[in-house]
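Letter by letter, the chains look like this.
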Amino acid sequence: MKIGIYGGSFNPPHLGHQNAAVEAAEKCALDKLLLIPAGIPPHKVMEQGSPANEHRLAMTRLMGGQAALQSGVEVEVLDLEMAREGKSYTVDTLRALRRQYPNGELLLFMGTDMFFSFESWRAPEEIAELAKVVAFYRNADDSAAAFAAQAEKLRARFGGSFEALALDRVIEVSSTALRAGMASGTSEAMLEPQVYGYILREHLYGTNLDLKRLTVQQLRPIALSYLKAKRCAHVLGTAAGADVGIVGDFQRIQRAGGIPAQAENTLVQVFLAGTRREHGIAVFAGRAVQTVQLFVKRHGCVGIAGSGNGIDQLGQQRAGTGEQDVDGFHGSFLYMYSRRSGRKKYFL
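Figured I'd write up the structure that's included with this text.

Examining the nonpolar core
Counting residues in each nonpolar core, the largest one holds 40 residues, and the members touching the most others are Y6, L30, L33, F109, F136 and I199. Every element with two or more residues in this core is listed here: α1 (15–27), β2 (32–37), α2 (53–71), β3 (74–77), β4 (105–110), β5 (132–138), β6 (162–167) and α9 (193–201). Not counting residues up to four positions away in its chain, the partners in contact with L30 are K2, I3, G4, A25, V73, L107 and F109. Ranked by size, the runner-up nonpolar core spans 28 residues in total, among them I5, V91, Y101 and F158.

With respect to the pairing of β4
Of all six residues in β4, five are buried, a share of seventy percent or more. Pairing between strand β1 (residues 2–8) and β4: five bridges, direction parallel. The residue bridging K2 from the neighbouring strand is E105, located in β4. The pairing of β4 with β5 spans four bridges and is classified as parallel. Opposite L107, over in β5, you have K132 as the bridge partner.

So, the sheet that holds β5
Judged by pairing direction, the sheet is parallel, and its six strands sit side by side in the order β3-β2-β1-β4-β5-β6 without closing on themselves. Strands at the two margins of the open sheet, each flanked by one partner only, are β3 and β6. Neighbour-to-neighbour, the strand axes of this sheet turn through a mean angle of 25°, independent of strand direction. Set on the sheet, α1 makes contact with β1, β2, β4, β5 and β6; between it and β6 the angle comes to about 115°. Packed on one face of the sheet, helix α7 (residues 144–158) meets β5 and β6 and runs near 160° to β6.

Points about the pattern of salt bridges
Scanning the entire structure with this criterion turns up 14 salt bridges. Its salt-bridge partner being E23, residue K27 comes within 3.2 Å of it at the nearest N-O pair. Taken together, the residues K27 and E23, both in helix α1 and four residues apart, mark about one turn of the helix. Taking the relative accessible area as the measure of exposure, E23 reaches 1% and is therefore buried. Between E119 and R157 there is a salt bridge, and its shortest N-O distance comes to 3.1 Å. With a gap of 38 residues between them, E119 in the loop between α5 (112–116) and α6 (124–130) and R157 in helix α7 connect regions that are remote in the sequence. Classification of E119 by relative accessible area gives partly exposed; the value is 26%.

About the criteria used
- Residues numbered from 1 in each chain as written.
- Predicted model: local features only at pLDDT ≥ 70, side-chain atom pairs only at ≥ 80, totals over all residues.
- Heavy atoms only, no water.
- Core = buried A, V, L, I, M, F, W, Y, C linked by side-chain atoms within 4.5 Å.
- Buried < 20%, exposed > 50% of the residue type's maximum accessible area, 1.4 Å probe, protein only.
- Helix = DSSP H or I, 4+ residues; strand = E, 2+ residues; numbered from the N terminus.
- Contact = heavy atoms within 4.5 Å.
- Pairing = 2+ DSSP bridges.
- Axes fitted to C-alpha atoms, helices over the stretch in contact; angles between N-to-C directions.
- Salt bridge = Lys/Arg side-chain N within 4 Å of Asp/Glu carboxyl O.

Shown next, in the form of structure tokens:
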């Protein structure tokens, strides 16, 4: 079994990490990729105010789910380093993984800075014995000669296998700049939507939103963050197909499920796999929420409805089913329904 190991602070995990992981998994023909967030990084100090380990782990799992779908490779996120006391030294992690996979081929992935500082790591000789070191660089850069020279230098000094891997889809992302731009919303483009939604709903990196007064644009990634990776990918992919396309106009929704015309002026966005009766996301505002819930239940799909000041309409619909009346509640609301698991309600 060929196993890739990709560690880091993942503070937060961004598209730079994700693209590198996906392409490396493909080019190295991995059977499995392990993502391992550091507990206490030995080479840098975690920025003050950084999220707790549990949040970095959860965000990495969201990113890992998408990486698995994109690469077709099994991805597992481990809390191995977070659970271990003291600094997160790679050699300790590799020792543990070698015990777990005694016959596996371990590939240790790293970026430019780590590759060119490898000689300063703890027990580099043992690392070279335990795993093959694979360093990423951007194919567009004129870096091949420098990486090849460093790989040869490390092989001569430590033995083992050192390889420089050119990647085409690498995105240069400054984690420091990313964190700094989070509160203003300028960092969203560099994050997987599920990760960004998790950051918003957990108030990380200074994003102290009032979750009862969200805009539709803010509610959408938060809604996605509650979904499993496969379901999220399906929802996000609906824009491409006629069968499960993004239902962007009222007439199409009306044909699919018979939503009354009076809801038209309050409709904001719909992501529903109505024709296949599978699942989707519906984000509505105002009076359309009540109608959309009936639509979601009628088709046995998973839906999420979000509203602003018209949320009190939910109380009238739910009171008839014996559920708690929420008449008068004003704010942001997520509603999920499926035949298998029943209703799930999230009041933000």
